[in-house]
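Residues per chain are reported as follows:
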Amino acid sequence: MPPGRRVLPTRKGYHQRPTFLSNVETFAQLAVLARLGSREFSSTGLTSEPGTQLLTVDGAVQRPGVIETPTGVPLETILQYAGAPVAGPVLIGGYHGQ
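Keep in mind that this is a model prediction, so the values were computed, not measured.

A.B. asks: Help me out: how do you make sense of the overall build of the protein in this one?
C.D. replies: For the protein, the count of helices and strands is three helices and two strands. The linear arrangement of helices and strands in the protein, starting from the amino end, is α-α-β-β-α. Across the 98 residues that make up the protein, the buried fraction comes to 13%. By sequence separation, contacts in the protein at least 24 residues apart represent 17% of the contacts at least 6 residues apart.

Laid out in structure tokens, this is it:
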């Protein structure tokens, strides 16, 4: 067990102040939202989850890397774009892969 107590970032985070956002992708989305405005931002992606998502594709693909896609793009489309084999194992991680 690691020593000490875990303090939630909502109690003490950035600059020892309560911090509600700690995910780099969330900060990036807020910057895009501020630049585009709510109407244009919400015109991309799903109605229930507007915007884009960053996806890391690696392994046995022709084009590995980080891909930004609108939310709601099917996994099959992303794998085709990356040049993945037609059949094979896929590991999905992060928030949507749980």
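From this point, the discussion proceeds with the structure in view.
A.B. asks: Sorry, what's going on with the environment of Leu54 here?
C.D. replies: Following the sequence through the fold, Leu54 ends up in strand 1 (residues 52-57). When the C-alpha positions of Leu54 and Thr69 are compared, they lie 6.6 Å apart, and in sequence the two are 15 residues distant. In this structure, Leu54 is in contact with Glu25, Val66, Ile67 and Glu68, ignoring residues within four places of it in sequence.

A.B. asks: For this particular structure, what's the right way to read the layout of surface pockets?
C.D. replies: In this approach, a probe sized like a water molecule rolls over the atoms, and the result shows the empty space that is left. For the largest pocket, the calculated volume is near 1300 Å³. Around the largest pocket, the lining comprises 38 residues; the ones closest to its centre are Leu55, Thr56, Leu75, Ile92 and Gly93. Elements with a contribution of two residues or more to the lining of the largest pocket: helix 1 (24-36), strand 1 and helix 3 (75-82). Here the lining of the largest pocket gets six residues from one element, more than from any other, and that element is strand 1. In the lining of the largest pocket, the residues fall into 20 nonpolar, 14 polar and four charged.

A.B. asks: What's the story with the side chain of Thr69 in this structure? I'm lost.
C.D. replies: By the element assignment, Thr69 lies in strand 2 (residues 65-70). Leave out the neighbours within four places in its chain, and Thr69 touches Thr52, Gln53, Leu55 and Ile78.

A.B. asks: Even after reading the chapter, I still don't get unusual backbone geometry, so can you show me in this structure?
C.D. replies: Across residues other than glycine, the phi torsion is negative in most instances, and most of the peptide bonds are trans. In this structure, Gln16 is a non-glycine residue whose phi angle is positive, near 60°. Relative to the elements of secondary structure, Gln16 occurs in the segment before helix 1.

A.B. asks: Honestly, the nonpolar core in this entry has me stumped. Any pointers?
C.D. replies: Buried together is how nonpolar side chains tend to be arranged in soluble globular proteins. Listed in full, the five residues of the largest apolar core are Val57, Val61, Ile67, Ile78 and Ala82. Not counting chain neighbours up to four residues away, the residues in contact with Val57 comprise Pro64, Gly65, Ile67, Ile78 and Ala82.

A.B. asks: Quick question: what am I supposed to make of the packing of aromatic side chains here?
C.D. replies: What characterises a pair of aromatic rings is the spacing of the ring centres plus the angle enclosed by the ring planes. If you walk through the whole model with that rule in mind, you get zero aromatic pairs. The positively charged end of Arg63 is found above the aromatic ring belonging to Tyr81, 5.8 Å away from the centroid.

A.B. asks: For this particular structure, what's the right way to read a nonpolar patch on the surface?
C.D. replies: On the surface, a cluster of nonpolar side chains totalling about 480 Å² of accessible area is made up of Phe20, Leu21, Phe27, Leu30 and Leu33. With respect to the secondary-structure elements, Phe20 resides in the segment before helix 1.

A.B. asks: Where do I start with the environment of Glu68 in this structure?
C.D. replies: Among the structural elements, Glu68 can be located in strand 2. The residues touching Glu68, leaving out its near neighbours within four places in the chain, are Thr52, Gln53 and Leu54. Reaching out from Glu68, the side chain makes a polar contact with the side chain of Thr52 at a distance of 2.6 Å.

Rules of the game
- Residues numbered from 1 in each chain as written.
- Predicted model: local features only at pLDDT ≥ 70, side-chain atom pairs only at ≥ 80, totals over all residues.
- Heavy atoms only, no water.
- Helix = DSSP H or I, 4+ residues; strand = E, 2+ residues; numbered from the N terminus.
- Buried < 20%, exposed > 50% of the residue type's maximum accessible area, 1.4 Å probe, protein only.
- Contact = heavy atoms within 4.5 Å.
- 1 Å grid on protein atoms, 1.4 Å probe; cavity = no way out; pocket = protein on both sides within 12 Å on 5 of 7 lines; lining within 4 Å.
- Points joined across faces, edges and corners; volume = space filled by probe spheres on them.
- Nonpolar A, V, L, I, M, F, W, Y, C, P; charged D, E, K, R; others polar.
- Core = buried A, V, L, I, M, F, W, Y, C linked by side-chain atoms within 4.5 Å.
- Phe/Tyr/Trp six-rings, centres within 6.5 Å; stacked < 30°, edge-to-face > 60°.
- Lys NZ or Arg CZ within 6 Å of the ring centre and 35° of its normal.
- Patch = residues over 30% accessible without salt bridge, like charges linked within 9 Å, V, L, I, M, F, W, Y side chains within 5 Å.
- Areas by Shrake-Rupley, 256 points an atom, 1.4 Å probe, with all protein chains shown as cover.
- Salt bridge = Lys/Arg side-chain N within 4 Å of Asp/Glu carboxyl O.
- Polar contact = N/O pair within 3.5 Å; in protein donor to acceptor, adjacent residues only side chain to side chain.

Geometry only, nothing functional implied.
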